[in-house]
Amino acid sequence: MRSTVKINMKKHLNILLLLILTANIFAEDNIILKVFKLPDPKSNEAFNRADMAVIEAFKQKYPEIELRSYSGIELENMELDAGPLMAIAGGVSPDIIYVNFRQSATYIENDFLYPLDEFIENISEEELNGRIAKPVWPVVKRKKTGDKDKHVWCMPYETLVRVMLYRKDLFYKVGLDPEQPPKDWNELLQYSKRMTIPEEGTYGLYLASGPQAAYDWITYLWSAGGDAVVQDPDTDEWYASFNGRPAIDAMKFYLELITTKWKDSEGNHQQGFVIREGNWGNLRDDGKLGILMGYMDDKRLGGELDPNLWGIAPPPKGPTGLRGSEINCRMMGIFSGAGISNNGGLGDRDPEKVRDAAWKYIRFYDSDEARKIRLEVMINAGYGRMQNPLYLRKYGYEEYLKYTPPDWLATFEEAIENGKPEPYGKNCQKIYEFMTYPIEKCISLEEKGQLGDTVEEKEKNISQIFDAAVERTNQKMIGRITPDERNFRNRVAVFVAIFIFIFFSIVLYRVWKIFTPDMIIKTRKKNNKIIFIATLLLLPALGSIILWKYVPMIMGTFIAFQNYSIVGNSEWVGLANFADVLFDPVWWSALGKTFYYMFLSLVLGFVPPIFLAIFLQEVSHGKMFYRIIYYMPAVISGVIVIYLWKLLYDPSDAGGLNQILLSLGFEKSRWLKEESLAMILTILPSIWAGLGPGSLLYLAALKGIPDDVYEAADIDGAGFFHKLRHIVYPALKSLILIQFIAAFIAATQQSEFILVMTFGGPNEATKVADLLIFEKAYLYLNFGIATTMAWMLGLLLMFVTVFQIRKLSNMEFKANR
C-alpha cells in the first residue's frame, strides 16, 4: 500500500515538474508588448466593449504576444497629450506609443519612432489607402532633418474631421430652417445673434477659451486662406505663418462674434453672441447651445448624436470661399527603444521580436477584421444607426443605412478629401498656445476700447500684434536664429559666464569664511572630543545629502552644456544654452513673475501665521476649538484643496464666488481668466491650507516665554503692543529668521497650484520660472535649456540666501534650564 502511494506521488510530482517546465518554455516564447493604452475590462460602455472584442481577437490570433497596458501621468490644463513625452523622458515608454499630429515632428526629430518602411512593404496599396487619407500622407511619411529619403513613421487607427454641429430645435425655435445651416461667416454671425438669448440662458455659438483657445480660431484662419505653420520646400525648414491678411480677417470676425455690445429684451447690456466660459457641455446637453465645432470619426460619424436633434455641416466659408475643415488622426508608432533591456522594468527582450509584435498589433487594430468586430459589437449594443455607412455597406448591414442622414456622410467625405491637417511642424505641440496669446490680447484691447477707433487702426494694430507673435513663435517654438545672432549671443554668454564664475567663487569663499574658521578655532579650544563625536553623528546625514543632492546636481550640470538627447548621442554645444536663456524674454518674464509670486507668498503667507499664533495664545476661551478650526485645512489633501478652490473660482454663474457677487448685485468675475487676478488667486489656496500648520511653531515658541515675564510687564503697565514689541518679538526673532529662509526658498518651489489651476495662463500671466523649466524639459524635451534655467534660478536664490545665512551665523541658541 505504501509503495503504491509512493509510486503515485512520484507520478504526480513528475507531471507537476513537466507542467512547470512546459509553462517556462512557453513563457520564454511569449513576447511582452507594452501598449500605451488598452480598454478597461471592467467597463460596460459599448465603445469599450467593442475595443475589448478586438483585443480578444488579437490575443487568439497571436497567443504568443502578451499585452500590457501603460498608465502615465496626465496634467489638467495642458490641453496636450503630454503623457507619452513624460514617459519617454522618464525612461518608461511603452513599446507602442500614441502619436498625434502636433507632436509627430518632435518624436521624429528626437529619434523616438522606429521607421515602419520594412513593414509597409508587405501590405497592399488598397489597405494603405484605407488606413491613411490623402491629406494625412505628408504627416506620416516625411524626411527627418539630415535624411535624404522619406520614411513612414506611424499609422493612423482612427481618422477624425472637425465639423460644425448645430441644434435643429434651437434653429426652429428662432425661425431658422434646420436643414439650412450657415454657409458663410455672415450667416454664422446672424444665426448666432438670433439664438443668443441670455435671459433664457441660450447662446448661439461656443468658442474655446484657455491657453489653447486657438484650436477654434484656426478654423477661421484656414477659411480666410491662412495657415499656422508652413514648410519651406527648398530648405525643409518650418516657420510660423499665422499673420498677414488672413489673420486680420479671421481676428476681425472673431472680435465681432465675441465683443459686439448690445442690449437684450430686458434692457441689460450684453457683449458678444458666444459663450467661452463656464460649463458649456451642460448647455449643449440641455439644448441651450446652438452651434459648436466638434469631431466626427471614421467609425461612428456622429457618435451618440441624435439626428433628429443635431445637424452636422462643414465649417462656414470665409471671404476666400474656403472651408477650414480640419482632418486629424489618432496614430500609433513603434518606440525606437522598444525591447531594449529594462525598458519599463520588463527586463531583457529581443528588440526585433518586440518590433515585429508591435507591428502586428498596429496593423490588426484597425484592420478589416477589427473593424468588422467593432461594428458587430456596436450593432448588437443598439448603436447600429450611428455607425459609418461605408462600413455598414461593406460588411453587410445595409438595413441600418436609412438611419444615417446623407449630409453627415457627405460632410465627412468632403473633409477627408480636402481637409487641412492639424499643424504638424517642428515643436507644434505648443502652437495653439503661441497662437492664443495674440488672440486674447486683441480681445482684451477691444474690450477696453484700445484696439483702435477706425477699421484701419484696428487692422494695423491686429497686424502688428500677430506679426510680433509670429516672430516670437519662430524664435521660441521653432528656434529660428541667424548665424550672426548666434555668434553675438555666444560672445555675450562668455563674458557673463566669467563674471558669474568670479562672483560665485567670492560668494562661496564668504560662506566658508562665515561658518568655518572662527567656529572651528573656538570649538577646538573647548573640546576636540566633542568635535569628533559631532562629526561622526553628522557623517550619515552628510553622506546622504552628498549622494542624493550634490552627485545628481553635478552630473546633471553637464546637460547644461549639451543638446541633450534621450535617445542616441547628445551634442556638446558649450555655452549656447546659456546664451539662449540670457536672450530669452520669456525666461526673464518668468523670473519676474517668480519674484512677484515669492513676494505675494511671503507677504500673505509668512506674516499671518505669526499673528495667528499670537492671537491663539492670547484668546481667553475656546483655545482648543480655534486651534482645531485653523489646523483643519492641513488635514485635507492638496488635490482636494485645489479642486475646492477651482469650484469657487468657476467663471460661470455656477461658480461659488460668482454666486456671492451676483446675489449682492455685482457683475460676475472671470477670476483665474483675469490676468491681473490670476497670480494672487493661485496663491490663496496654499495660504488658506498652510495658515494653521504655519502657526504651530510660533505657538510652541510663545509657550517658552515664562509667565512671570508677562506678569512683570503687567505690573509696569505695559499694553498689548508693548508686550508684542519688547517680549514677543525678541523671543521669536531667531525663529522668524530661520523660518523666513525656509519660506523664501520654498516660495520658488511651490508652483503646483499654478500647474494644476492655470498651467501658466492666462496669456502667461502665471508662468513662473520652475513651471517654464518643467515645460522646457518635459514638453519640449529640451533638457539642456531646462538645466541651464534651473542653475540660473538656483544661483540667484543662493546670492540672496547668503546674506540671510550671514545674519543667522551670528545667533546663539540657549536652552532654558
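Residues numbered from 1 in each chain as written. Predicted model: local features only at pLDDT ≥ 70, side-chain atom pairs only at ≥ 80, totals over all residues. Heavy atoms only, no water.

Summing up its helical and strand segments, the protein chain has 33 helices and 18 strands in all. Within the span of the protein chain, comprising 817 residues, buried residues form 47% of the whole. Contacts in the protein chain between residues at least 24 apart in sequence constitute 73% of all its contacts with a sequence separation of at least 6. Element-wise, carbon and sulfur atoms account for 58% of the exposed surface of the protein chain, whose accessible area totals about 42300 Å². (Helix = DSSP H or I, 4+ residues; strand = E, 2+ residues; numbered from the N terminus. Buried < 20%, exposed > 50% of the residue type's maximum accessible area, 1.4 Å probe, protein only. Contact = heavy atoms within 4.5 Å. Areas by Shrake-Rupley, 256 points an atom, 1.4 Å probe, with all protein chains shown as cover.)

Averaged over all residues, the pLDDT of the protein chain equals 83, while 89% of them reach at least 70. Low pLDDT (under 50) marks residues 1–7, which in the prediction has zero contacts with non-local residues, meaning those over four places away or in another chain. The low-confidence segment residues 19–28 (pLDDT under 50) makes zero contacts with residues lying over four places distant or belonging to another chain. (pLDDT = per-residue confidence, 0-100.)

Here we come to the packing of aromatic side chains. For the structure shown, the criterion picks out 31 aromatic pairs. On the numbers, 6.5 Å between centres and 80° between planes, the contact of Phe-242 with Phe-466 is edge-to-face. Of this pair, Phe-242 sits in the loop between β9 (238–240) and α11 (244–259) while Phe-466 sits in helix α18 (residues 455–478), placing them 224 residues apart in sequence. When the ring of Phe-606 is compared with that of Phe-740, the centres are 5.4 Å apart and the planes differ by 75°; the resulting orientation is edge-to-face. Here the residue Phe-606 occupies a position in the loop between α23 (585–605) and α24 (607–618), and Phe-740 occupies one in helix α30 (residues 720–746), the gap between them amounting to 134 residues. Residue Phe-606 is classed as buried on the basis of its relative accessible area of 11%. (Phe/Tyr/Trp six-rings, centres within 6.5 Å; stacked < 30°, edge-to-face > 60°.)

Of note, Phe-273 is situated in the loop between β11 (269–271) and β12 (274–275). When its relative accessible area of 4% is taken as the criterion, Phe-273 is described as buried. Sequence separation between Phe-273 and Ile-197 is 76 residues, and the spatial gap between their C-alpha atoms is 8.8 Å. Each residue touching Phe-273, except ones within four places of it in the same chain, is listed here: Leu-189, Ser-192, Lys-193, Thr-196, Gly-204, Leu-205, Glu-256, Leu-257, Thr-260 and Trp-262.

Membership of the largest hydrophobic core comes to 176 residues, with the highest contact counts inside it found for Leu-33, Trp-217, Phe-242, Met-251, Tyr-361 and Met-435. No fewer than three residues from each of domain 1 (159–333 + 386–478) and domain 2 (580–809) sit in this core. If we skip the residues at most four places from it in the chain, Tyr-361 touches Leu-33, Val-35, Lys-37, Leu-38, Ile-55, Phe-58, Leu-67, Ile-96 and Met-332. (Core = buried A, V, L, I, M, F, W, Y, C linked by side-chain atoms within 4.5 Å. Domains from an automatic or database assignment.)

Moving on: α23. Taking 1.5 Å per residue as the helical rise, α23 with its 21 residues ought to reach 30 Å, and the 29 Å between its terminal C-alpha atoms agrees with that figure. Within α23, the full set of buried residues consists of Val-586, Trp-587, Ala-590, Leu-591, Lys-593, Thr-594, Tyr-597, Met-598, Leu-600, Ser-601 and Leu-602. Where α23 starts, the residue carrying a side-chain oxygen 3.0 Å from the main-chain nitrogen of Val-586 turns out to be Asp-584. (Expected span 1.5 Å × (residues − 1). Polar contact = N/O pair within 3.5 Å; in protein donor to acceptor, adjacent residues only side chain to side chain.)

Let's shift gears to the packing of helix α10 (residues 214–223) against helix α17 (residues 431–447). Where α10 meets α17, the closest approach of the two axes is 9 Å, and the angle between their N-to-C directions is 80°. Regarding the angle of α10 to α17, the classification is roughly perpendicular. Residues Ala-214, Tyr-215, Trp-217, Ile-218 and Leu-221 of α10 touch α17, and the partners they reach there are Tyr-432, Met-435, Thr-436 and Ile-439. For the contact of α10 with α17, a count of residues per class yields eight nonpolar, one polar and no charged. (Axes fitted to C-alpha atoms, helices over the stretch in contact; angles between N-to-C directions. Parallel < 35°, antiparallel > 145°, perpendicular 65-115°, else oblique. Nonpolar A, V, L, I, M, F, W, Y, C, P; charged D, E, K, R; others polar.)

Tracing the chain through its elements places Glu-459 in helix α18. Those residues in contact with Glu-459, other than ones at most four positions away along the chain, are Arg-245, Ile-248 and Lys-252.

Before going further, it helps to examine α10. α10 sits mainly inside the fold: nine of its ten residues count as buried. Those residues of α10 not exposed but buried are Ala-214, Asp-216, Trp-217, Ile-218, Thr-219, Tyr-220, Leu-221, Trp-222 and Ser-223. Downstream of α10 by one or two residues, Gly-225 has phi in the positive range, about 100°.

The backbone of Asp-111 sits at a positive phi, close to 60°, despite the residue not being glycine. Tracing the chain through its elements places Asp-111 in the loop between α4 (101–109) and α5 (117–120). Assessed through its relative accessible area of 33%, Asp-111 is described here as partly exposed. One non-glycine residue with positive phi stands out, namely Asn-427, at about 55°.

With that settled, the discussion passes to the pattern of salt bridges. Per the stated rule, a full pass over the model turns up 36 salt bridges. A salt bridge links Glu-422 to Arg-102; the nearest nitrogen and oxygen atoms lie 3.2 Å apart. On the criterion of sequence distance, the pair formed by Glu-422 in the loop between β16 (420–421) and α17 and Arg-102 in helix α4 is long-range, its members being 320 residues apart. With respect to burial, Glu-422 and Arg-102 carry one shared label: buried. Measuring nitrogen to oxygen at the nearest pair gives 3.5 Å for the salt bridge that ties Asp-366 to Arg-131. Residue Asp-366 is found in the loop between α13 (351–365) and α14 (368–380), and its partner Arg-131 is found in helix α6 (residues 125–131); the two are separated by 235 residues along the sequence. What you see here is one network of salt bridges that share partners, running through Lys-430, Glu-433, Arg-472, Glu-764, Lys-767 and Glu-775. (Salt bridge = Lys/Arg side-chain N within 4 Å of Asp/Glu carboxyl O.)

The next point concerns the pairing of strand β13 (residues 289–297). Counting buried positions over the nine residues of β13 gives eight, a clear majority of the element. Relative to β13, strand β7 (residues 203–206) runs parallel, the two sharing two bridges. For Tyr-203, the partnering residue across the bridge sits in β13 and is Leu-289. (Pairing = 2+ DSSP bridges.)

Glancing now at a negative patch on the surface. A cluster of acidic residues, Glu-118, Glu-121, Asp-350 and Glu-352, forms a negative patch on the protein surface. Counting through the fold element by element, Asp-350 comes out in the loop between β15 (326–334) and α13. (Patch = residues over 30% accessible without salt bridge, like charges linked within 9 Å, V, L, I, M, F, W, Y side chains within 5 Å. Lys, Arg positive; Asp, Glu negative; His and termini not counted. Charge placed at Lys NZ, Arg CZ, Asp CG, Glu CD.)

Describing two packed helices takes the angle between their axes plus the distance from one axis to the other. Axis separation between α23 and α24 bottoms out at 4 Å; the angle between their running directions is 5°. Taken together, α23 and α24 sit at an angle that is classed as roughly parallel. Here Leu-602, Val-603, Leu-604 and Gly-605 of α23 lie close against α24, whose contacting residues are Val-607, Pro-608 and Pro-609. By residue class, the composition of the contact of α23 with α24 is six nonpolar, one polar and no charged.

The next thing to look at is the pairing of strand β6 (residues 155–167). Along a regular strand, successive side chains alternate from one face of the sheet to the other. Most of β6 is tucked away: 13 of the 13 residues are buried. Across seven bridges, β6 lies against β15 in antiparallel orientation. Directly across from Thr-159, in β15, lies its bridge partner Cys-329. The pairing of β6 with β13 spans seven bridges and is classified as antiparallel. What sits directly across from Leu-160, in β13, is Asp-297. Across four bridges, β6 lies against strand β14 (residues 310–313) in antiparallel orientation. Residue pairing for β14: Met-164 is matched across the bridge by Ala-313.

As for its placement among the helices and strands, Ser-505 is situated in helix α19 (residues 483–515). Among the residues examined, Ser-505 registers a relative accessible area of 32% and is labelled partly exposed. A polar contact of 2.8 Å, which involves the side chain of Ser-505, links it to the backbone oxygen of Phe-501.

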